[in-house]
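One-letter residues, chain by chain:
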Amino acid sequence: AATEHVNYYLADGAVTVLAPVDASATALTIPDSIEGCPVTTIAPWAFYACDRLANVYYTGSTDDWNAIAVGEGNDPLLAAHLTTDYGAYILGDVDGNGKVNNRDLGFLQLRLNEGDLTGKPFNETAADMDGNGKLNNRDLGLLQRLLNQ
């Protein structure tokens, strides 16, 4: 079966993501559940051919993402920029842990300086403090001001 972005297998109340619908996609959304069942596994080599994959949007929490068993050979998936809680977020909660704190500020600063966020959750929508669709130093300043309150 397939969603808009991923092919999957449903068995025993759990979902295994088998592959993206389009291996040339630069971005895709992985739902936290399909047909009422949690996504628990990414099959081995499911994303091996996804050399262009840059952004992964996951609808569940960071903890839910970390609980998914990711099979070997999925380096493009793991190297892509991950946004958790896609569709639900707290403004300023860049890492998706439910709290706005200095870690969020550090992640945003690292992103703006083009630092390595590989394997770290980063919600661009939550980081876009002024809501203009772009991440910049204004967002960093607004997040700092929020933390100083």
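Thresholds applied
- Residues numbered from 1 in each chain as written.
- Predicted model: local features only at pLDDT ≥ 70, side-chain atom pairs only at ≥ 80, totals over all residues.
- Heavy atoms only, no water.
- Pairing = 2+ DSSP bridges.
- Helix = DSSP H or I, 4+ residues; strand = E, 2+ residues; numbered from the N terminus.
- Contact = heavy atoms within 4.5 Å.
- Buried < 20%, exposed > 50% of the residue type's maximum accessible area, 1.4 Å probe, protein only.
- Arc of directions from axis to C-beta.
- Polar contact = N/O pair within 3.5 Å; in protein donor to acceptor, adjacent residues only side chain to side chain.
- Core = buried A, V, L, I, M, F, W, Y, C linked by side-chain atoms within 4.5 Å.
- Expected span 1.5 Å × (residues − 1).

A. Local environment of the pairing of strand β5 (residues 37-42). Note: strand β2 (residues 14-20) against β5, three bridges, orientation parallel. Across the sheet, the residue bridging to Val-17 is Ile-42, located in β5. Direction of pairing for strand β4 (residues 33-34) relative to β5: antiparallel, over a ladder of two bridges. Following the sheet pairing, Ile-34 is matched in β5 by Cys-37. What sits between β4 and β5 in their antiparallel hairpin is a turn of two residues, with Glu-35 showing a positive phi close to 55°. In this sheet, strand β7 (residues 69-70) lies alongside β5 in parallel orientation, the contact comprising two bridges. In the strand pairing of β7, Thr-41 is matched with Ala-69.

B. Summary view of the environment of Leu-10. Topologically, Leu-10 is positioned in strand β1 (residues 6-11). In this structure the C-alpha to C-alpha distance between Leu-10 and Cys-37, which are 27 residues apart in sequence, comes to 8.0 Å. Apart from the residues within four sequence positions on either side, Leu-10 is in contact with Val-15, Glu-35 and Cys-37.

C. Structural context of helix α3 (residues 102-112). Turning to α3, its buried residues number three or more, namely Asp-104, Leu-105, Phe-107 and Leu-108. All buried residues of α3 lie within an arc of 165° about the axis, which places them on one face of the element. Residues of α3 that are buried sit in contact with α4 (124-127) and α5 (137-148). If you check the start of α3, you find a side-chain oxygen 3.1 Å away from the backbone N of Arg-103, and it comes from Asn-101. With its phi angle positive at about 60°, Glu-114 sits one or two positions after the end of α3.

D. Representation of the nonpolar core within the structure. If you look at the biggest cluster of nonpolar residues, it comprises 22 residues, and the most contacted ones within it are Ile-30, Ile-42, Phe-47, Leu-53, Val-56, Trp-65 and Leu-77. Going through the elements one at a time, β1, β2, β3 (27-30), β5 and β6 (55-58) are the ones with two or more residues in this core. Broken down by element, the residue count for this core peaks at three residues, all from β5. With sequence-adjacent residues up to four places away left out, Trp-65 is seen in contact with Ile-30, Val-56, Tyr-58, Leu-77, Leu-82 and Thr-84.

E. Structural view of α5. Helix length check: α5, at 12 residues, gives a terminal C-alpha distance of 16 Å against a target of 16 Å (1.5 Å per residue), a fit within 8%. For α5, the set of buried residues is Asp-139, Leu-140, Leu-142 and Leu-143. Buried residues of α5 fall within an arc of 165° about the axis and therefore sit on the same side. Opposite its buried face, α5 presents the exposed residues Asn-137, Arg-138, Arg-145 and Asn-148, each directed more than 90 degrees away. As for α5, its buried residues are in contact with α3 and α4. You can read the cap of α5 off the contacts: a side-chain oxygen lies 3.0 Å from the backbone nitrogen of Arg-138, and it is on Asn-136.

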